[in-house]
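Okay, here's what each chain looks like letter by letter:
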Amino acid sequence: MKTVSHAPSLRRAPVQRRSAERLTRILDACADLLDEVGYDDLSTRAVAQRAGVPIGSVYRFFGNKRQMADALAQRNLERFTERVTDRLHGDGTPEGTGVGDWRTAMDAVLDEYLVMKRTAPGFSLVDFGNQIPVGSRHSEPNHRVADRLTDLLAGYLDREPDDDLRRSFLVAVETADTLVHLAFRVAPEGDARIIEEARLMLRAYLGRVLDGS
């Protein structure tokens, strides 16, 4: 599993394996504590204790809990990307062959997001940075997600990752984000009917955009 050595919120990127493993423990502890106490009561000291590392190790990587949560959001995006990639190419289809169907791709994107929403520690509070004020003041997590999906899926769909495709995925991500969070406000595991409505709306919109191009 990839680390978040490139996350902009990191004070210092881990170089040695031991340091990378310590960062992983810190983020794992952060995720667990977010589920247990929430963001407001999260503290760097509690994270250090849960991770079994000195408090100085936490401050080596992060200046405060906001930076730590932002790094967790970035790691969530990395893991989400890996999950979608593994699912799309799990049948042995090479990446970038341009033989994929956008409906299959969008089902993979939505389904893997739902799995993480239900099972990944801390994800329900942080996801990719939308739920709490993480990252820079003017950051746009959904733009980050849409750009990642464009880069990931352009080859699979045999399309150029141009501005039109990025805009289409941004609209899809914003729509899905709103409806999925509504589904999880209605029911703890996500209201199945609202999720299905979200899937239908995404297919209707992307069908008009992608099938006609």
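One can find the structure itself at the top, above this paragraph.
### Description of the overall build of the chain
Piece 1. A count of helical and extended segments in the chain gives nine helices and zero strands.
Piece 2. Written out in order from the N terminus, the α and β elements of the chain read α-α-α-α-α-α-α-α-α.
Piece 3. Going through the 213 residues of the chain one by one, you find that 47% of them count as buried.
Piece 4. In the chain, 69% of the contacts between residues at least 6 apart in sequence involve partners at least 24 apart.
Piece 5. Summing over all exposed atoms, the chain offers an accessible surface of approximately 10,900 Å²; the carbon and sulfur share of this is 48%.

### Remarks on the packing of helix H5 (residues 102-119) against helix H9 (residues 192-210)
Piece 1. Interhelical geometry of H5 versus H9 gives an angle of 150 degrees and a closest axis separation of 11 Å. The pairing of H5 with H9 is recorded here as roughly antiparallel in orientation. As H5 runs across H9, the sense of the crossing is right-handed. Residues Trp102, Met106, Asp107, Leu110, Asp111, Leu114 and Arg118 of H5 form the contact with H9, whose participating residues are Ile195, Arg199, Leu202, Arg203, Leu206, Gly207 and Leu210.
Piece 2. Here the residues of the contact of H5 with H9 are counted per class, giving eight nonpolar, one polar and five charged.

### Remarks on the environment of Arg103
Piece 1. Relative to the assigned elements, Arg103 resides in helix H5.
Piece 2. For the pair formed by Arg103 and Arg199, sequence separation is 96 residues and the distance between their alpha carbons is 9.9 Å.
Piece 3. Here Asp211 takes part through its side chain, which lies 2.6 Å from a polar atom of the side chain of Arg103.

### Quick notes on the packing of aromatic side chains
Piece 1. Tallied over the entire structure, the rule returns six aromatic pairs.
Piece 2. An angle of 50 degrees between the planes, with centres 5.2 Å apart, marks the rings of Phe80 and Phe128 as tilted. Pair noted here: Phe80 is in helix H4 (residues 65-88) and Phe128 is in the loop between helix H6 (123-126) and helix H7 (141-157), with a separation of 48 residues, a long-range link. The same class applies to Phe80 and to Phe128, which are both buried.
Piece 3. In this structure an aromatic cluster arises from ring pairing among Phe80, Tyr113, Phe123 and Phe128.
Piece 4. A cation over an aromatic ring shows up here: Lys65 above the ring of Tyr39, its NZ or CZ 4.6 Å from the ring centre.
Piece 5. For the cation-ring pair, Lys117 lies above Phe184, with the distance from its terminal atom to the ring centre recorded as 5.4 Å.

### Some details on the packing of helix H8 (residues 163-186) against H9
Piece 1. Between H8 and H9, the least distance of the axes is 9 Å, while the angle of their chain directions is 170 degrees. By the angle between their directions, the pair H8 and H9 is classed as roughly antiparallel. Of H9, the residues touching H8 (which contributes Leu165, Arg167, Ser168, Val171, Ala172, Thr175, Ala176, Leu179, Leu182, Ala183 and Val186) are Ile194, Ile195, Ala198, Met201, Leu202, Tyr205, Leu206, Val209 and Leu210.

Quick notes on the rules
- Residues numbered from 1 in each chain as written.
- Predicted model: local features only at pLDDT ≥ 70, side-chain atom pairs only at ≥ 80, totals over all residues.
- Heavy atoms only, no water.
- Helix = DSSP H or I, 4+ residues; strand = E, 2+ residues; numbered from the N terminus.
- Buried < 20%, exposed > 50% of the residue type's maximum accessible area, 1.4 Å probe, protein only.
- Contact = heavy atoms within 4.5 Å.
- Areas by Shrake-Rupley, 256 points an atom, 1.4 Å probe, with all protein chains shown as cover.
- Axes fitted to C-alpha atoms, helices over the stretch in contact; angles between N-to-C directions.
- Parallel < 35°, antiparallel > 145°, perpendicular 65-115°, else oblique.
- Left-handed = near helix turned anticlockwise from the far one by under 90°.
- Nonpolar A, V, L, I, M, F, W, Y, C, P; charged D, E, K, R; others polar.
- Polar contact = N/O pair within 3.5 Å; in protein donor to acceptor, adjacent residues only side chain to side chain.
- Phe/Tyr/Trp six-rings, centres within 6.5 Å; stacked < 30°, edge-to-face > 60°.
- Lys NZ or Arg CZ within 6 Å of the ring centre and 35° of its normal.

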